[in-house]
Amino acid sequence: MLKTFKLGGVHPAENKFSADKAIEKLALPKSVFIPVAQHIGAPAQALVKKGDQVKVGQVIAKAGGFVSANIHSSVSGTVTKVDLATDASGYPKQGIFIEVAGDEWEECIVTDETLVERFEADSKTIIDKINEAGIVGLGGATFPTHVKLMPPPGSKAEMLIINGVECEPYLTADHRLMLEKGPELLVGIRLLMCALSVNKAYIGIENNKKDAIESLKKLCASDASIEVVPLKVKYPQGGEKQLIKAVTGREVPSGALPIAVGAVVSNVGTAFAVYEAVQKNKPLIERVVTVTGKSLSKPSNFLVRIGTPANELVEAAGGLPEDTGKIISGGPMMGKAVASLDIPVTKGTSGILIMPDPDAKRKTSQNCIRCGRCVTVCPMGLEPFLLMTVSEKQIWERAEKDCIMDCIECGSCSFTCPADRPLLDYIRLGKGKVGQIIRSRKK
Ligand code: SF4
Ligand code: SF4
C-alpha cells in the first residue's frame, strides 16, 4: 500500500500536458529585469548601477541579512537602470535591468555538462558555497537554503527529505528534472546530506510519475542511504508537513518547523542547484519552468535565465491563445493570478499557466450550507469556513486563536466548497493581518 498523509487532501484533475516534453533551453532574452528580492527574508542590496558591464554569474546584489540570498546576473551586458518594476506579486519591486550583449560567463564557472560525482568538501564549505550561489527553495517557498542547513541550537537534523512530489496539477518541471538530471540530482542530495551531517535521505515522489520513480530507484540501487519513496497521489502532498507525515509518519506540531521532528526538506530543483553550485561553481542564474495550458499549442518545460520576461516563454510555447481568461504564475492551486505577461521569471517561478476563459471564470459565492467539506479536506485540521468568517468580520484575536497562521494556503478548501466561497482569499487576508499583529508584539 502506498504511503500518504492522513488528514484531508483533495484530488484535482491533473492536466499534465507537458509531462513528456524534454527540457528545452530557451533562447537568450534581449533584456532582463532581475528583482533584488526573490526570496523570503530581507531584500538583497544592489551592487551595480546604470552603465555597469556585467557577466553571467556575477554577483549584482548582496544578501541583505541572515535570511536573505545573493542575486547574480543571469546574462552578460549593460545595466540600463536600477529601478522599480512589477513582478508576479503584482507590486512594484526594486530590481536590476540589463540589456543583453553576447553570453560571457564568469571564468570560474564550469559550463560543460560533464557529471562531476566526487567531492571532498566538508559541511561548512558546502553551506558557504550554497550561500554564495544564492540558492533558495525552488519549489516556490524561496527560503534561503543555507539557513535551512544550519538548524537552530538545540535541534539536530536526522534525515533529509527530497520533495519530488510535484502535486500541483499542470506542473511538470520537477518531473522532467528527475528524469533528465537524475545522476546530478543524486550528487546534489549527497552534498546536502553532507552539509547536514545526516546519513539518510528519502526522495518522495507521487506514483503518477512512475518513470521518474523507476529511474531514480535504479540510480541509487547500490546506495542504501538514499531511498525513493513512491507516494499515493493526493494534493497537497508537496507541503513540507504533509510530505514528512507521508514519508516518515512523523507529525510536525502546530507552529513548529520540520527540524522539530529531525527533518529538513528540500525540493528536487534545489538539490540540482546545489550540485551546480558546489561541483560547477555555478550560482542560481536559471531554472526549469513549465509553460502550459489547455489551449496552448506547445506546452513545454524550458530552462530559463532568471529575469526573462514571461511573455517570451509563452511565445516559445506557441503564443498566447485567444481564449485566455487568466494567467497564473505557478500552479492552479497555490499560484497567483497575474495581470500581464510583462513580469520576470524569478527563482520561485515554477510555472506559467494559461487558463482558457470558461475555466477561469469565478462562480458567484453562495451562502455557506454548513456541509463541512472544507473542514474534511483541510490538511492542517483547520475550520476554513470559520476562518473565512472571522477574517471577513476582522476578528483577528479569534483568527489567531483558531490557528489561522497554520494555514499552508493550499486552496483545498476553496476547491471543494460547493457554495464557491472564496475561503482562501479571506484566509490569506486574515493571515496577513494576524502576522502583522504577531510581529508588532515582538518589537
Ligand atoms: S484552510 Fe488553509 S490549509 Fe486548510 S484547506 Fe484551506 S488553504 Fe488549505
Ligand atoms: S465547504 Fe463551503 S459550504 Fe461547506 S461548510 Fe465549508 S464554506 Fe460552508
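Residues numbered from 1 in each chain as written. Chains lettered and ligands numbered in written order. Predicted model: local features only at pLDDT ≥ 70, side-chain atom pairs only at ≥ 80, totals over all residues. Heavy atoms only, no water.

The protein chain appears in an unreviewed UniProt entry as Ion-translocating oxidoreductase complex subunit C from Mangrovibacterium diazotrophicum. Quoted straight from UniProt, the Function (unreviewed entry) entry for the protein chain says "Part of a membrane-bound complex that couples electron transfer with translocation of ions across the membrane." (UniProt positions renumbered as here; feature names shortened; annotations may be inferred.)

**Quick word on the site of ligand 2**
Around ligand 2 sit Cys368, Ile369, Arg370, Cys371, Gly372, Arg373, Cys374, Phe385, Cys417, Pro418, Ala419 and Leu423, and those are all the residues in its vicinity. A breakdown of the residues in the shell around ligand 2 according to their chemical character gives nine nonpolar, one polar and two charged. (Near = heavy atom within 4 Å. Nonpolar A, V, L, I, M, F, W, Y, C, P; charged D, E, K, R; others polar.)

**Quick notes on the pairing of strand S8 (residues 92–100)**
Note: strand S2 (residues 31–35) against S8, five bridges, orientation antiparallel. Bridge assignment links Phe33 to a residue of S8, and that residue is Phe97. When strand S7 (residues 77–86) meets S8, the two strands line up antiparallel, connected through nine bridges. What sits directly across from Leu84, in S8, is Gln94. Here S7 hands over to S8 after five residues, with Gly90 in that stretch at a positive phi of 90°. (Pairing = 2+ DSSP bridges. Helix = DSSP H or I, 4+ residues; strand = E, 2+ residues; numbered from the N terminus.)

**Looking at the UniProt feature "binding site: [4Fe-4S] cluster 1" (unreviewed entry) in the protein chain**
Here the UniProt-annotated "binding site: [4Fe-4S] cluster 1" (unreviewed entry) positions come out as Cys368, Cys371, Cys374 and Cys417. With the annotated positions falling across 50 residues, the maximum pairwise C-alpha distance of 10.6 Å places them together in a single cluster. Here Cys371 shows up in the loop between helix H9 (357–360) and helix H10 (373–377). The class of Cys374 is buried, set by a relative accessible area of 8%. (Buried < 20%, exposed > 50% of the residue type's maximum accessible area, 1.4 Å probe, protein only.)

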